[in-house]
Amino acid sequence: MAGEPDAHCLFCKIVAGEVPATTVLETETTVAFRDINPQAPTHVLVIPRAHYPNAASLATGAPALAADVLATAGAVAEQEGVEDSGYRIVLNTGSGAGQTVFHVHAHVLAGRGLEWPPG
Ligand code: AMP
Ligand code: ZN
């Protein structure tokens, strides 16, 4: 069921503490941790504790939680000292767009030039 933990999901396991992660910020509803394969000097993933496969299902099923993810992304940017220099929030959706973990996660990227349009 939407929002319930998925026993096979890597990020549900990180939420449960079963897989280690370098956590940078935690709230009641979200967790932010460093990406294991960083693509920029700051590369943090922000996830809801509840399992939703992608951004649209999160926004439809739990709109307040979608807002929590964005608010945590902003707090991470502030904590990382990149709020003024700028940062990018990316939500890859679907394997064709590069999504490999089907527990919604916002990438917070900063600390280098970020091209537009993105690759
Ligand atoms: P995406 O390709 O948008 O689904 O993003 C998945 C991200 O999760 C990738 O950037 C991976 O490097 C990252 N990742 C995979 N496993 C871990 C892990 N155990 N801890 C932290 N980040 C991870
Ligand atoms: Zn999950």
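See the structure shown above.
What comes next is a walk through the structure. Computed from a prediction, not measured in an experiment: that's the story for all the values here.

### Here's the deal with the site of ligand 1
Moving on, step 1. As a structural note, the neighbourhood of ligand 1 is formed by 15 residues, with D35, G98, T100, H105 and H107 the closest of them.
Moving on, step 2. Contacts to ligand 1 include G98, whose backbone N or O atom sits 2.7 Å from an oxygen atom.
Moving on, step 3. At 2.8 Å, a side-chain N or O of H107 approaches an oxygen atom of ligand 1.
Moving on, step 4. Protein contacts shield 84% of the accessible area of ligand 1, which totals 510 Å² for the unbound molecule.
Moving on, step 5. Secondary-structure elements contributing two or more residues to the shell around ligand 1 are α1 (10–16) and β2 (30–34).
Moving on, step 6. A per-class count over the shell around ligand 1 returns 6 nonpolar, 7 polar and 2 charged.

### A closer look at the pairing of strand β1 (residues 23–26)
Moving on, step 1. Where β1 meets β2, 3 bridges bridge the pair, whose relative direction is antiparallel. Residue pairing across strands places L25 opposite A32, the latter belonging to β2.
Moving on, step 2. Linking β1 to β2, which pair antiparallel, is a turn of 3 residues.

### Points about the coordination of the zinc ion (ligand 2)
Moving on, step 1. In the first shell of the zinc ion (ligand 2), the protein supplies C9 (SG), C12 (SG), H51 (ND1) and H103 (ND1), at 2.0 to 2.3 Å from the metal.
Moving on, step 2. In this structure, the zinc ion (ligand 2) is surrounded by 4 donor atoms whose angles at the metal cover 107 to 116 degrees, and the resulting shape is tetrahedral.
Moving on, step 3. All donors of the zinc ion (ligand 2) come from a single chain, and their spacing in sequence reads C-x2-C-x38-H-x51-H. A residue pair is termed long-range when its members are at least 10 positions apart, and C12 in helix α1 and H51 in the loop between β3 (42–48) and α2 (55–61) qualify at 39 residues. Considered together, C12 and H51 belong to a single accessibility category, that of buried residues.

What counts as what
- Residues numbered from 1 in each chain as written.
- Chains lettered and ligands numbered in written order.
- Predicted model: local features only at pLDDT ≥ 70, side-chain atom pairs only at ≥ 80, totals over all residues.
- Heavy atoms only, no water.
- Near = heavy atom within 4 Å.
- Polar contact = N/O pair within 3.5 Å; in protein donor to acceptor, adjacent residues only side chain to side chain.
- Areas by Shrake-Rupley, 256 points an atom, 1.4 Å probe, with all protein chains shown as cover.
- Helix = DSSP H or I, 4+ residues; strand = E, 2+ residues; numbered from the N terminus.
- Nonpolar A, V, L, I, M, F, W, Y, C, P; charged D, E, K, R; others polar.
- Pairing = 2+ DSSP bridges.
- Donors = N, O, S within 2.8 Å, 3.2 Å for Na, K, Ca; no water.
- Tetrahedral: all angles 85-135°; square planar, octahedral: opposite > 155°, others 65-115°.
- Buried < 20%, exposed > 50% of the residue type's maximum accessible area, 1.4 Å probe, protein only.

It is worth stressing that arrangement in space is one thing and function is another; only the former is reported here.
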